[in-house]
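Here is what each chain is made of, one letter per residue.
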Amino acid sequence: MSKRILMVVTNHTTITDDHKTGLWLEEFAVPYNVFKQKGYEVKVTSIQGGEVPLDPNSVPTEKRAEWAEAEEELKHTAKLSREDAQGFDAVFLPGGHGTMFDFPDNQTLQYVLQQFAENGKVIGAVCHGPSGLVNVTYRDGTPLVKGKKVSSFTDAEEKEMQLDRYMPFLLESKLRERGAVFVSGDNWTDFSVRDGNLVTGQNPQSSRSTAEKVVEALENPA
């Protein structure tokens, strides 16, 4: 039986009136391709459904042919529903600053991730995607990330981009508050970590290695 992957992306479009955001394309397209090349079935959903906004800074000046199928998937996404908590082997959360605004408090996403966690399914997230994890708890109230090695876009990277003042919170700091054992590499370098069924990556450069660790977690369960 082929593995089934649920991918959940943002629909949020703005940081400030003059700073557009959305999904960071590489963080979706590269993992999507990794999963498809493994023969996995992938369902692409978003918080609101419909066409997914891309962060303008993430769109290459020249179209990348290998990303064409992934980009096509973003034109007509299904809206994430509570039913998506069942029938998948793993969930993957790509980033983009948009996720900081519509992932943390979305009740459907929180429910789906709680079910994945309770059922021992693989959860993967990269860059700002781990913003979807900060408010997730097990049924007993324990934060999902407590005591686990976790990475994400770092506070230092956020400050270097000069976007820290516009974020609802700093992601690394929030994960630490929730009890995560935060780990990272140098700014803008490939860094990802697997802790059991939880896989997280630091930044866009970590897109492939994060997806590959999700594959590893599926093929070689902890």
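Conventions used here
Residues numbered from 1 in each chain as written. Predicted model: local features only at pLDDT ≥ 70, side-chain atom pairs only at ≥ 80, totals over all residues. Heavy atoms only, no water. Axes fitted to C-alpha atoms, helices over the stretch in contact; angles between N-to-C directions. Helix = DSSP H or I, 4+ residues; strand = E, 2+ residues; numbered from the N terminus. Left-handed = near helix turned anticlockwise from the far one by under 90°. Contact = heavy atoms within 4.5 Å. Nonpolar A, V, L, I, M, F, W, Y, C, P; charged D, E, K, R; others polar. Expected span 1.5 Å × (residues − 1). Buried < 20%, exposed > 50% of the residue type's maximum accessible area, 1.4 Å probe, protein only. Polar contact = N/O pair within 3.5 Å; in protein donor to acceptor, adjacent residues only side chain to side chain.

## Considering the packing of helix 1 (residues 25–37) against helix 7 (residues 207–219)
Two numbers describe how helix 1 lies on helix 7: the axes approach to 8 Å, and their chain directions differ by 35°. Where helix 1 crosses over helix 7, the handedness of that crossing is right-handed. Only S207, R208, A211, E212, V214 and V215 of helix 7 make contact with helix 1, whose side of the interface consists of E26, E27, V30, P31, V34 and F35. Looking at side-chain class alone, the contact of helix 1 with helix 7 contains seven nonpolar, one polar and four charged residues.

## Some remarks on helix 4 (residues 107–118)
For helix 4, with twelve residues, the first-to-last C-alpha span of 16 Å sits near the 16 Å given by 1.5 Å per residue. Turning to helix 4, its buried residues are L109, Q110, V112, L113, Q114, Q115, F116 and A117. Contacts from the buried residues of helix 4 go to strand 1 (4–9), strand 6 (90–93) and strand 7 (122–126). The opening residue of helix 4, the one whose side-chain oxygen lies 3.2 Å from the backbone nitrogen of T108, is N106. Positive phi shows up at G120, right after helix 4, with a value of about 70°.

## Examining helix 1
Between its first and last C-alpha atoms helix 1 spans 18 Å; for 13 residues at 1.5 Å apiece the expected length is 18 Å, and the two agree. L25, E27, F28, A29, V30, P31, Y32, N33, V34 and F35 are the residues of helix 1 that are buried. On its buried side, helix 1 packs onto strand 1, strand 4 (41–46), helix 2 (68–73), strand 6, strand 7 and helix 7. G39 sits one or two residues past helix 1 and shows a positive phi near 85°.

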